[in-house]
Amino acid sequence: AQKVTQAQTEISVVEKEDVTLDCVYETRDTTYYLFWYKQPPSGELVFLIRRNSFDEQNEISGRYSWNFQKSTSSFNFTITASQVVDSAVYFCALSFSGGSNYKLTFGKGTLLTVNP
Amino acid sequence: KAGVTQTPRYLIKTRGQQVTLSCSPISGHRSVSWYQQTPGQGLQFLFEYFSETQRNKGNFPGRFSGRQFSNSRSEMNVSTLELGDSALYLCASSSGPGGTYEQYFGPGTRLTVT
């Protein structure tokens, strides 16, 4: 079965702490794409990153970094020195074709609360 | 560049009625995908349209349908509404096929079925 598991339903941290959001995926496809999206309280999902299955390079963008490990089927997201504005629900998503056109499957999301 | 717009933002309907939601993608984007978000099921893919053709469909009953116009604007229709259809309906556009390109989401339409 193709699915995305975000085991952490809610995380609460104090500002300036580092926090890692876990994402584990399952797919039989050898070609697939992984995404992270952020949904702030306003409700609009915001794209953060896309990775294809052939690119295992980790990425850093400002305070955000992503660790993609095919060996453990994980695509974890770390926020360094968290800020109150980082409070949101974060979704990890997997796109696979399964012999058809690619479609996106989302994890259940992790609610991150950053307290001042 | 203007973002993805969805109308209406809020809607209250009665069981058995039908509803049409509208989505205008970012200019130049040819792919529009629709998602349903509920507290219980999370974010679920409904369907994707690319150049006026449905490319992909999720596991939803036939009461859920959609279409895309030549200007890439898309509409989603739900017929014979059920209480369980109450949800936030999100539309997303992308410059290429939705499953492989980053998608840009609209603010959603909050549908309440009573």
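Residues numbered from 1 in each chain as written. Chains lettered and ligands numbered in written order. Predicted model: local features only at pLDDT ≥ 70, side-chain atom pairs only at ≥ 80, totals over all residues. Heavy atoms only, no water.

Q: Residue-level account of the state of the cysteines, with values.
A: Tallied over the entire structure, the rule returns two disulfides over all chains. Disulfide pairing is shown between C23 of chain A and C92 of chain A; the S-S distance is 1.9 Å. Residues C23 of chain A and C92 of chain A are joined through a disulfide that is left-handed, its torsion about the S-S bond being -65 degrees. Taken together, the residues C23 of chain A in the loop between β3 (19-21) and β4 (24-26) and C92 of chain A in strand β10 (residues 88-96) connect sequence positions 69 residues apart. Grouping residues by exposure puts C23 of chain A and C92 of chain A together as buried. The disulfide partner of C23 of chain B is C91 of chain B, and the gap between their sulfur atoms is 1.7 Å. (Disulfide = S-S within 2.5 Å. Helix = DSSP H or I, 4+ residues; strand = E, 2+ residues; numbered from the N terminus. Buried < 20%, exposed > 50% of the residue type's maximum accessible area, 1.4 Å probe, protein only.)

Q: Requested: an account of the environment of E59 of chain A, with residues and values cited.
A: Residues and elements named next belong to chain A. Within the fold, E59 resides in strand β7 (residues 59-61). The class of E59 is partly exposed, set by a relative accessible area of 30%. For E59 and P41, which are 18 residues apart along the polypeptide, the C-alpha to C-alpha distance reads 26 Å. Ignoring any residue separated from it by four or fewer positions in sequence, one finds E59 in contact with I49, R51, Y64, S65 and W66. Among the polar contacts made by the side chain of E59, one reaches the side chain of R51 at a distance of 2.9 Å. (Contact = heavy atoms within 4.5 Å. Polar contact = N/O pair within 3.5 Å; in protein donor to acceptor, adjacent residues only side chain to side chain.)

Q: How would you sum up the interface of chain A and chain B? Please name residues and give values.
A: Taken together, the contact pairs 18 residues of chain A with 22 residues of chain B. Counting the surface lost from both chain A and chain B, the interface buries some 1,800 Å², and carbon and sulfur atoms represent 51% of this. At the junction of chain A with chain B, the criterion picks out six residue pairs in polar contact (both at pLDDT 80 or more). Elements supplying a minimum of two residues to the side of chain A that touches chain B: β5 (32-39), β6 (46-52), β10 and β11 (103-106) of chain A. For the side of chain A that touches chain B, the element with the highest residue contribution is β5 of chain A, accounting for four residues. Partitioned by chemical class, the residues of the side of chain A that touches chain B number nine nonpolar, five polar and four charged. (Buried area = accessible area lost by both parts, 1.4 Å probe. Nonpolar A, V, L, I, M, F, W, Y, C, P; charged D, E, K, R; others polar.)

Q: Can you lay out the nonpolar core for me, pointing to particular residues and giving the numbers?
A: Counting residues in each nonpolar core, the largest one holds 25 residues, and the members touching the most others are W36, W66, F77, Y90 and L112 of chain A. Mapped onto this core, the elements with two or more residues apiece are β2 (10-14), β3, β5, β6, β8 (64-69), β9 (74-79), β10 and β12 (110-115) of chain A. Here this core takes five residues from β10 of chain A, the largest share from any one element. Look past the residues within four positions of F77 of chain A in its chain and what remains in contact with it is V19, T20, L21, W36, L48, Y64, S65, W66 and Y90 of chain A. Of all hydrophobic cores here, the second largest spans 21 residues; its members include C23, V32, L81 and C91 of chain B. (Core = buried A, V, L, I, M, F, W, Y, C linked by side-chain atoms within 4.5 Å.)

Q: Describe the pattern of salt bridges, and please don't skip the residues or the numbers.
A: Within the structure shown, the criterion is met by eight salt bridges over all chains. Of the charged contacts in the structure, one is a salt bridge between R63 of chain A and D86 of chain A, with a shortest N-O distance of 2.8 Å. Residue R63 of chain A is found in the loop between β7 and β8, and its partner D86 of chain A is found in the loop between β9 and β10; the two are separated by 23 residues along the sequence. For R63 of chain A, a relative accessible area of 25% puts it in the partly exposed group. Its relative accessible area of 1% is what places D86 of chain A among the buried residues. Of the charged contacts in the structure, one is a salt bridge between R55 of chain B and E48 of chain B, with a shortest N-O distance of 2.8 Å. Each of R51, D55 and E59 of chain A takes part in one network of salt bridges that share partners. (Salt bridge = Lys/Arg side-chain N within 4 Å of Asp/Glu carboxyl O.)

Take it as geometry only, folks, not as evidence of what the structure does.
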